[in-house]
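The lines below spell out each chain.
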Amino acid sequence: MRNSGSSSKPDHQPGPPFWLLAELTYRCPLQCPYCSNPLDFAQQGEELTTAQWIEVFRQARELGAAQLGFSGGEPLVRQDLEELIRAARELGYYTNLITSGIGLTEARLTAFKDAGLDHIQVSFQAADEEVNNLLAGSRKAFAQKLAMARAVKAQGYPMVLNFVTHRHNIDSIERIIELCIELEADFVELATCQFYGWAELNRAGLLPTRAQLERAERITNEYREKLAAEKHPCKLIFVTPDYYEERPKACMNGWGNLFLDITPDGTALPCHSARQLPVQFPNVKEHDVRHIWYESFGFNRFRGYDWMPEPCRSCDEKEKDFGGCRCQAFMLTGKAENADPVCAKSAHHGKILVAREEAERAPLELSDLTYRNERASRIICRA
Ligand code: FES
């Protein structure tokens, strides 16, 4: 049962939200098996209207939010995206579009520019066309992404290229980096898969081995040195998966600390995965953003340190990592208040060790993964 308490006060007062993520829709033409959207996305409520989104932007900006990310699903599915970008820029946000590039056109890029869009992140599934298209579930995806990444740069946007890496594409890290350099990416995010949503469902088929990961990190570092020596503007960001760490990440920089996520139906979350937790979260259709951020039970539930049981409570690293990720603790131990099992001090750390061992066994084929689509979502939810 969800714990909905009316409100709960933390042992310290948070600052304002800095980063607002607008998950405009869960609709998406692709089917990535590592999508971080919830498994039950097909059963979510109606999307917010244009006017409702703009009102959320206004309220969050009034509170101090400075960066606004348009995400999804695929945000390009929303025909009002230009209008939302324009409204966000007029409110003074720095705006970022997070897209697969599917559905993008040069005309739309120009319209976004006119509306004031600051920054674009385009995601790829792989540097190999066949693997990319298999993972995406579209025979045209790779060619479209290449064309749109070029168009993004041609229109003068700063561009991030994002590659989620996993056991099926991480061995091509050189080709990935070379492709990003060729496409003139300003930043390259080599983000080893984190296991939330559909990725958690497919973890055994996606987690790379330690040897794969170490090789990829070594090659990335060699490229970093080479690019720095050449004074090349491209920056490489390498994100290690939690499953090969001994201490947890400071997820979201602390619960309800900087990050405010609004899902397509207006549910407000402290992170994109929190909807699965047994905690009642507020909705922007019922409460204003100030109340949600400062007063709501959901946003105060894991703020500060008072909620922590041992070993986090007496840990001298708790102010650095906040006990790790609440969603991961819930997924792996059934209790969101437990220490993140990534931490070697957690009584549940063995689950991480078992997952590492599983990764050493023969890899599953791409065809063995469960792909994200409405049909699969409905079947999973009925099961
Ligand atoms: Fe939800 Fe880490 S993803 S707290």
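Residues numbered from 1 in each chain as written. Predicted model: local features only at pLDDT ≥ 70, side-chain atom pairs only at ≥ 80, totals over all residues.

Per an unreviewed UniProt entry, the protein goes by the name PqqA peptide cyclase and belongs to Metapseudomonas resinovorans NBRC 106553. The annotation that UniProt attaches to the protein under Subunit (unreviewed entry) is "Interacts with PqqD. The interaction is necessary for activity of PqqE." Its UniProt record gives the protein a comment under Catalytic activity (unreviewed entry), which states: "[PQQ precursor protein] + S-adenosyl-L-methionine = E-Y cross-linked-[PQQ precursor protein] + 5'-deoxyadenosine + L-methionine + H(+)". (UniProt positions renumbered as here; feature names shortened; annotations may be inferred.)

### Overview of the UniProt feature "binding site: [4Fe-4S] cluster" (unreviewed entry) in the protein
Within this structure's numbering, the places UniProt gives as "binding site: [4Fe-4S] cluster" (unreviewed entry) are Cys28, Cys32 and Cys35. As for its position among the elements, Cys28 is in the loop between strand S1 (19–23) and helix H1 (50–63). Dropping the residues within four chain positions of it, Cys28 is found in contact with Gly72, Gly73 and Glu74. For Cys32, the residues in contact, after removing those within four places along its chain, are Gln125, Leu135, Ala136 and Arg372. (Helix = DSSP H or I, 4+ residues; strand = E, 2+ residues; numbered from the N terminus. Contact = placed C-beta atoms within 7 Å.)

### Some remarks on the pairing of strand S8 (residues 259–262)
Both faces of S8 are covered, namely the face carrying Phe259 and Asp261 and the face carrying Leu260 and Ile262. By the bridge criterion, four bridges tie S1 to S8 in an arrangement that is parallel. The residue of S8 that forms the bridge with Trp19 is Phe259. Two strands pair when backbone bridges link them, and S8 and strand S9 (residues 268–269) are joined in this way by two bridges, in the antiparallel orientation. Within S9, the position partnered with Asp261 by the bridge is Leu269. In sequence, S8 turns back onto S9 through a hairpin of five residues, with Gly266 there showing a positive phi of about 95°. (Buried ≥ 20, exposed ≤ 12 C-beta atoms within 10 Å, placed from the backbone. Pairing = 2+ DSSP bridges.)

### Points about the pairing of strand S5 (residues 159–165)
Most of S5 is tucked away, with seven of its seven residues classed as buried. Side-chain alternation along S5 places Met159, Leu161, Phe163 and Thr165 on one buried face and Val160, Asn162 and Val164 on a second face that is also buried. Relative to strand S6 (residues 187–192), S5 runs parallel, the two being bridged by six bridges. Residue pairing in the sheet places Phe163 in a bridge with Leu190 of S6. Regarding topology, helix H6 (residues 173–182) serves as the crossover connection from S5 to the parallel S6, and that connection is right-handed. (Right-handed = clockwise from strand over helix to strand, strands pointing away.)

### Observations regarding helix H13 (residues 326–333)
The buried fraction of H13 is high, at six of eight residues. All buried positions along H13 are accounted for by Arg326, Cys327, Gln328, Ala329, Phe330 and Leu332. In this structure, the buried residues of H13 make contact with helix H14 (349–360). Positive backbone phi, at 85°, marks Gly334, one or two positions downstream of H13.

### Remarks on the environment of Leu206
Position of Leu206 among the secondary structure elements: in helix H8 (residues 203–206). Leave out the neighbours within four places in its chain, and Leu206 touches Tyr34, His166, Arg167, Cys193 and Ala199.

### Some details on the packing of H6 against helix H9 (residues 210–229)
For any two helices packed against each other, the geometry comes down to the angle between their axes and how far apart the axes lie. Two elements in contact, H6 and H9, have axes whose closest approach is 10 Å; the angle formed by their N-to-C orientations is 35°. Note on packing geometry: the crossing formed by H6 with H9 is right-handed. Residues Ile173, Glu174 and Ile177 of H6 touch H9, and the partners they reach there are Ala216, Ile219, Thr220 and Tyr223. Considered class by class, the residues forming the contact of H6 with H9 number five nonpolar, one polar and one charged. (Axes fitted to C-alpha atoms, helices over the stretch in contact; angles between N-to-C directions. Left-handed = near helix turned anticlockwise from the far one by under 90°. Nonpolar A, V, L, I, M, F, W, Y, C, P; charged D, E, K, R; others polar.)

### Let's talk about the packing of H1 against helix H2 (residues 81–90)
It is the contact of H1 with H2, at a shortest axis distance of 10 Å, that shows an interaxial angle of 20°. For the element pair H1 / H2, the angle class is roughly parallel. Where H1 crosses over H2, the handedness of that crossing is right-handed. Two secondary-structure elements touch here, H1 through Thr50, Trp53, Ile54 and Phe57 and H2 through Glu83, Leu84, Ala87 and Ala88. Residues belonging to the contact of H1 with H2 are distributed by class as follows: six nonpolar, one polar and one charged. (Parallel < 35°, antiparallel > 145°, perpendicular 65-115°, else oblique.)

### Observations regarding the nonpolar core
Core analysis: the largest hydrophobic core is formed by 102 residues, its most contacted members being Ala22, Tyr34, Phe57, Met159, Leu161 and Leu260. Ignoring any residue separated from it by four or fewer positions in sequence, one finds Phe57 in contact with Leu68, Ala87, Ala88, Leu91 and Tyr93. (Core = buried A, V, L, I, M, F, W, Y, C linked by C-beta atoms within 7 Å.)

### Quick look at the UniProt feature "domain: Radical SAM core" (unreviewed entry) in the protein
When the UniProt feature table is mapped onto this chain numbering, "domain: Radical SAM core" (unreviewed entry) sits at residues 14–230. The span residues 14–230 shows a helical share of 44% and a strand share of 16%, and its end C-alpha atoms are spaced 43 Å apart.

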